[in-house]
Amino acid sequence: MTATPVLSVASEAFPLAKTGGLGDVAGALPPALSAEGFAVRTLMPAYPEALGMLRDAQPVLSRPSLFGGAARVLAGRVGDLDVLLLDAPHLFGRGGGLYVDTAGKEWPDNAQRFAALSQVAADLAQGAAPGFLPEVVHAHDWQAGLLPAYLRYRGGRRPATVFTAHNLSFQGQFPAALLPALGLPPEAMAIDGIEYFGGIGYLKAGLAIADHITTVSPRYAMEIRTPEFGMGLEGLLAHRAAVLSGILNGIDTGLWNPQADAALAARFSAETLARRAENKAALQVRLGLAQDPRALLFGVVSRLTWQKGTDLLLAALPEMLRVGGQLALVGSGEAELEAGVRAAQAANPGRVGAVVGFDENLAHLMQGGVDALLVPSRFEPCGLTQLCALRYGALPIVSRVGGLADTVSDANEMDLVPTAGNGFQFGPVTREALAIAIERAAAVWHEPERWRRLQRHAMAADVSWRKPARAYAALFRSLLAARGG
Ligand code: ADP
Ligand code: GLC
């Protein structure tokens, strides 16, 4: 049987480009789907660094004019990824971030940049590249939200469309005056189309028009139908509940493998957990922390934002120190929170160590060296760092929301199943509840046998893409079956 062709469309995909979990997922799910009988090609923008990674690229499509400049699509492979890069230098050939300039401000032409991505994705979906006729298109987040809209309003060939919402707080909202430039007809400005609070909503378009919507955890799929988590979209999502489901993310267990991770000072498995001590020591040196193997080392690998609860974390620092702990952090984000992190470090030399920035290798060393990973998010569609933590035997301390609640099971005294606990959950998402969780973790830390047992439970969890890929495959097949194909 030949594999079913799929087009996946995202604004980032690891290793070509990554600012967060979207990049991890868009880079790892397509290869995982090949075991399920799907041949996925991934369309993303040709940012300069991505272009540099694509060897022997072949042009498969060209457009003399796309939002003010010439564009083409280059095909190639990077690792296990079958990549299609949208090479449009006037839109993507620039320094700075993927979405923001060097000063951290949104690019003023983001509406055009990501409409271009969706427009070309629609061309590909309709057979514009020789030998590629996708039967399913999988669009990720607002940057690919207009793809289902282009397919609906253009007419012609229309593969099954799946839209995955990774985070409802990034909505891609733009003025209505943009409509003619987008190449969409006036009737697209409708309540069941792209219209959103009088403007144009890219995320909203994806949610309203795709045949099926997924989110990245079952709990988030439920949460977003309520005003507390729906970010204004709860009505639409409740209306579309019949075609909304949650599929947990996995992580690339080849890339995140404590037994083979080149970023670690010492590689280890559940049988050689004692070797983690070398990573902890290396981390303490790297971050200027006191060399103390007995101090409970709390870790954070995160964007520093309101979503991630960075403010709560800083407010709970006294509890971490009071229980004799240390804090190691790698993160970047909002200026005020970055300043808060720097201030905490300055005020607590040897006990708080931080790198403010994005550092992939350090993220790996953190997972292999910290004792507990803190993820006090106010909302969390899935979260990947707690999955990495489980795999590396760092016990996650997480708020009871979204994917965190779905993936970490609380180690409490009531555990009836002896293998159940693999971390600590807290709720509500407040400083006080977080402080209690920190104290609970510290109490277990003083029972080394019990801590070890929890580490083994954590490391035994299946955090791979195997099960999630199966769930996406089942979804794709059911959509194809429903159209009689
Ligand atoms: P989100 O996508 O909301 O930021 P996730 O937990 O899904 O959160 O994914 C975050 C990804 O980005 C993980 O792979 C994590 O290791 C990585 N990451 C986050 N911050 C940093 C950082 N400062 N340095 C290196 N990697 C980071
Ligand atoms: C988003 C979410 C995060 C999720 C990631 C990948 O960035 O904030 O929870 O893990 O997407 O799906």
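Here is what the cut-offs are and how they apply
Residues numbered from 1 in each chain as written. Chains lettered and ligands numbered in written order. Predicted model: local features only at pLDDT ≥ 70, side-chain atom pairs only at ≥ 80, totals over all residues. Heavy atoms only, no water. Helix = DSSP H or I, 4+ residues; strand = E, 2+ residues; numbered from the N terminus. Near = heavy atom within 4 Å. Polar contact = N/O pair within 3.5 Å; in protein donor to acceptor, adjacent residues only side chain to side chain. Areas by Shrake-Rupley, 256 points an atom, 1.4 Å probe, with all protein chains shown as cover. Nonpolar A, V, L, I, M, F, W, Y, C, P; charged D, E, K, R; others polar. Domains from an automatic or database assignment.

## Here we look at unusual backbone geometry
The omega angle of the peptide bond from F14 to P15 is 5°, so this bond is cis rather than trans. Relative to the helices and strands, P15 resides in the loop between β1 (4–9) and α1 (21–34). Look at the link from G427 to P428: it is a cis peptide, with omega at -5°. In this structure, P428 sits in the loop between β18 (424–426) and α18 (431–445). Within the chain, F67 stands out as a residue other than glycine whose phi angle is a positive 50°. Among the structural elements, F67 can be located in the loop between β3 (58–63) and β4 (71–78). In this structure, F197 is a non-glycine residue whose phi angle is positive, near 45°.

## A look at the site of ligand 2
Near ligand 2 lie 14 residues; those nearest to it are H166, N249, E380, C382 and G383. Contacts to ligand 2 include Q307, whose side-chain N or O atom sits 3.2 Å from an oxygen atom. Burial of ligand 2 by the surrounding chains reaches 93%, relative to a free accessible area of 310 Å². In terms of residue count, the dominant contributor to the shell around ligand 2 is α1 (three residues). Taken together, the residues of the shell around ligand 2 break down into six nonpolar, six polar and two charged. For the shell around ligand 2, the two domains that each supply at least three residues are domain 1 (4–250 + 466–482) and domain 2 (270–460).

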